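Descriptive structure summary
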Amino acid sequence: MISFALSPEFNQKVTVQPDGYITLQSAGSLSVMGMTVPETVEAIKKAYTKTLHEPIVDVDLLDFQKAYFIVTGQVTKPGQYDLRYDLTVSEAIAMAGGFMPTAKTRVYLYHRSATGWVEARELKLSDFLHGKNVNEDVGVRSGDMIFVPEKTITKVRKYIPYGIGVPVLY
């Protein structure tokens, strides 16, 4: 929300577009990507210097993309969760309801790097869960995805009759 103390006719609500630009009434487009709120105020003042003499501008952030992580695969409640505080992978899996009986404890953590590439890391949580390698339980960052794969035996079991060695009566 952009407010002009002495020129309320210029007050407006704007949305930062995916490319980082906002469109200002009577001043055109302005890139605000990576700016703090005070930096944005200064940029808006500069954008309006041709229209207004020393404008007094106030910017209020109404909404923003909150930090999140995703847990998918063999967990009880897969989905997207808010990242409100520092979490480890095992804590994130616990938030998603924990491992299903069909889950492997070898999970994959995917993280988008600043260069746009995705980094994948395999974590052997069985060691951590048995108190062996506590360094295997790493921190979760905003935008991370945790994938818990299915055990191989559960993939195959559905094709094997339950009574091996026992005649099947039809």
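Relevant structure appears above.
All of the points below concern the structure found in this document.

1. Looking at the sheet that holds strand E8 (residues 106-112)
Consider a sheet: its strands pair through backbone hydrogen bonds, and that pairing is either parallel or antiparallel. The mixed open sheet is built from five strands, whose spatial order is E6-E5-E11-E8-E9. The open sheet is flanked by strand E6 (79-82) and strand E9 (118-124), the only strands paired with a single partner. Taking each pair of neighbouring strands and ignoring which way they run, the sheet shows an average axis angle of 20°. Where strand E5 (residues 68-73) lies against E6, four bridges are found, and the strand directions are antiparallel. Considered in E6, the bridge of Tyr 68 is made with Asp 82.

2. Re the packing of aromatic side chains
How two aromatic rings sit relative to each other is given by the distance of their centres and the angle of their planes. The tally for this structure, following the rule as stated, stands at four aromatic pairs. On the basis of an interplanar angle of 75° and a centroid distance of 4.9 Å, the ring pair of Phe 4 and Tyr 48 is categorised as edge-to-face. With Phe 4 in strand E1 (residues 2-4) and Tyr 48 in the loop between helix H1 (37-47) and strand E4 (57-59), this residue pair connects regions lying 44 residues apart in the sequence. What makes Tyr 48 buried here is its relative accessible area of 0%. One aromatic cluster is present, built from ring pairs that chain together Phe 4, Phe 10 and Tyr 48.

3. Examining the pattern of salt bridges
Evaluation of the coordinates by the stated rule reveals four salt bridges. A salt bridge links Lys 66 to Asp 63; the shortest N-O distance between them is 3.3 Å. Residue Arg 84 is joined to Asp 82 by a salt bridge in which the shortest nitrogen-to-oxygen separation is 3.5 Å.

Calculation notes
- Residues numbered from 1 in each chain as written.
- Predicted model: local features only at pLDDT ≥ 70, side-chain atom pairs only at ≥ 80, totals over all residues.
- Heavy atoms only, no water.
- Pairing = 2+ DSSP bridges.
- Helix = DSSP H or I, 4+ residues; strand = E, 2+ residues; numbered from the N terminus.
- Axes fitted to C-alpha atoms, helices over the stretch in contact; angles between N-to-C directions.
- Phe/Tyr/Trp six-rings, centres within 6.5 Å; stacked < 30°, edge-to-face > 60°.
- Buried < 20%, exposed > 50% of the residue type's maximum accessible area, 1.4 Å probe, protein only.
- Salt bridge = Lys/Arg side-chain N within 4 Å of Asp/Glu carboxyl O.

Honestly, that's just the spatial picture; any functional story needs more than this.
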